[in-house]
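Structural features, examined
Here are the chains, one letter per residue:
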Amino acid sequence: MAQNLKLLVPLHVSYIQNLGKSQDELAYHLTAHLRMNAIYWGLTALCIMGHKDALDREEMIEFVMSCWDEEAGGFGAHPDHDAHILSTLSAIQILIMQDALDRLDVDRVVKFILSLQQPSGVFAGDSFGEVDTRFLYCAVNALSLLGRLSEMDTERAVSYISECRNYDGGFGATIGAESHAAQVFVCVAALAILDRLDVVDQQTLCWWLSERQLPNGGLNGRPEKLEDVCYSFWVLSALSILNKMTWIDSEKLASFILSAQDPELGGIADRPGDMADVFHTQFGVAGLSLLGYPGLVDLDPVYCMPASIIEARGLRKGWKALPRKSL
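Attention in this report is confined to the structure presented alongside it. Just so we're clear, the structure is a prediction, and the values are computed from it rather than from any experiment.

Attention now goes to the packing of aromatic side chains. As enumerated under the stated definition, the model contains ten aromatic pairs in all. Summarising the aromatic geometry, the rings of Phe185 and Trp234 are spaced 5.5 Å apart at their centres and angled 45° between planes, so their arrangement reads as tilted. Here the residue Phe185 occupies a position in helix H9 (residues 181–193), and Trp234 occupies one in helix H11 (residues 231–241), the gap between them amounting to 49 residues. When sorted by exposure, Phe185 lands in the same class as Trp234, which is buried. Centre to centre, the rings of Trp234 and Phe283 are 4.7 Å apart; their planes meet at 40°, and the pair counts as tilted. Of this pair, Trp234 sits in helix H11 while Phe283 sits in helix H13 (residues 278–290), placing them 49 residues apart in sequence. Owing to a relative accessible area of 13%, Trp234 belongs among the buried residues under this scheme. Linked through ring pairs, Trp41, Tyr137, Phe185, Phe233, Trp234, Phe279 and Phe283 together constitute an aromatic cluster. Seen from the ring of Trp208, Arg212 lies directly overhead, with NZ or CZ sitting 4.6 Å from the centre. In this structure, Arg316 packs its charged tip against the face of Trp319, placed 3.9 Å from the ring centre.

Given below as structure tokens:
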């Protein structure tokens, strides 16, 4: 794999700017359920590349507010969609990054989020009741950002996460589910926010995370699966929170991420040769930031937002990324 690959920042900025402009394409409408998340992914990637202003601020804020579900008190993924905790967290993160939190009815959003906690301590995604440790993390992240974390039952939440821990040190989506790197991230990050990393079997978990690296440098999400750029964030974020970034080969991983770029249209794919998308672009850039890639802005791995924003809110935890390399 070439070691002299560079991050194609101007191409990636252009790629993100052009997303959503082809509203006549079927793919645009088939991804409506991801629209709010996609805006968060695109904005965060732009922030980390130092091009936050590449998208129109007012247009973005107006779209976010158009997704408000008045009946529920949360945000849907798209106008006229039901409120869901995934899109609600993304909306909160976007408004904070755009310094527009004054547009938010904080009390109503907090009420919506708190209503989703179940007797077991986990959170449902919406009123239909699906539960997942992802939704628990979304709740903890959102309430922390809003300064209202004390209003949820944190002990029950920690207890549920603890019950999701497996023999290999990892965590699953629900109690008894297999370990998965993305679920490891949400559980470890939630525990970091709650100051309860004592629940984690750190040595065993970090061994399991380091075993996710394949010979080509990429990371997979669980044993016997293919490498995928998005795990550059899910695995690295947990290792960063647990101060074990040196347990993987960072140079090989950076080369793998860079090799998945589209050198013509911009964007990053799940692996080399596949079609780029905004999800993998965001998490590829996020992974490179944690690896200390030169010229990028520091990313907070707990909240997956620019570190300066989290520090300004007094929420930084004791994570460690690799030192930023010079250009």
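Let us look at the packing of helix H5 (residues 85–97) against helix H7 (residues 133–145). Between H5 and H7, whose axes approach to 9 Å, the crossing angle comes to 30°. One element, H5, and the other, H7, form an angle in the roughly parallel class. For the element pair H5 and H7, the recorded crossing hand is left-handed. Counted together, Ile85, Leu86, Leu89, Ile92, Gln93 and Ile96 of H5 and Arg134, Phe135, Cys138, Ala139, Asn141, Ala142 and Leu145 of H7 form the full contact between these two elements.

Turning to the environment of Gly129, a few remarks are in order. Tracing the backbone through its elements, the reader meets Gly129 in the loop between helix H6 (106–114) and H7. The spatial distance from the C-alpha of Gly129 to the C-alpha of Gln118 is 9.0 Å, given a sequence separation of eleven residues.

Next up on the list: the side chain of Gln213. Within the fold, Gln213 resides in the loop between helix H10 (202–210) and H11. Among the polar contacts made by the side chain of Gln213, one reaches the main-chain carbonyl oxygen of Gly217 at a distance of 3.0 Å. Not counting residues within four places of it along the chain, the set of residues in contact with Gln213 comprises Gly218, Leu219, Ile248, Asp249, Lys252 and Leu253.

For helix H12 (residues 250–259), a buried count of seven out of ten residues is recorded, marking the element as mostly surrounded by other parts of the structure. Where the residues of H12 are buried, they touch H11 and H13. If you check the start of H12, you find a side-chain oxygen 3.2 Å away from the backbone N of Glu251, and it comes from Asp249.

The next subject is the environment of Asp82. Positionally, Asp82 belongs in the loop between strand S2 (74–75) and H5. Separated by 13 residues in the primary sequence, Asp82 and Asp69 have C-alpha atoms spaced 6.4 Å apart. The residues touching Asp82, leaving out its near neighbours within four places in the chain, are Asp69, Phe75, Gly76 and Phe128.

Within the secondary structure, Phe233 sits in helix H11. For Phe233 and Cys304, which are 71 residues apart along the polypeptide, the C-alpha to C-alpha distance reads 9.1 Å. Sequence-distant contacts of Phe233, defined by excluding residues within four places in its chain, comprise Phe185, Phe283, Ala286, Leu290, Leu299, Pro301 and Cys304.

Parameters and conventions
- Residues numbered from 1 in each chain as written.
- Predicted model: local features only at pLDDT ≥ 70, side-chain atom pairs only at ≥ 80, totals over all residues.
- Heavy atoms only, no water.
- Phe/Tyr/Trp six-rings, centres within 6.5 Å; stacked < 30°, edge-to-face > 60°.
- Helix = DSSP H or I, 4+ residues; strand = E, 2+ residues; numbered from the N terminus.
- Buried < 20%, exposed > 50% of the residue type's maximum accessible area, 1.4 Å probe, protein only.
- Lys NZ or Arg CZ within 6 Å of the ring centre and 35° of its normal.
- Axes fitted to C-alpha atoms, helices over the stretch in contact; angles between N-to-C directions.
- Parallel < 35°, antiparallel > 145°, perpendicular 65-115°, else oblique.
- Left-handed = near helix turned anticlockwise from the far one by under 90°.
- Contact = heavy atoms within 4.5 Å.
- Polar contact = N/O pair within 3.5 Å; in protein donor to acceptor, adjacent residues only side chain to side chain.

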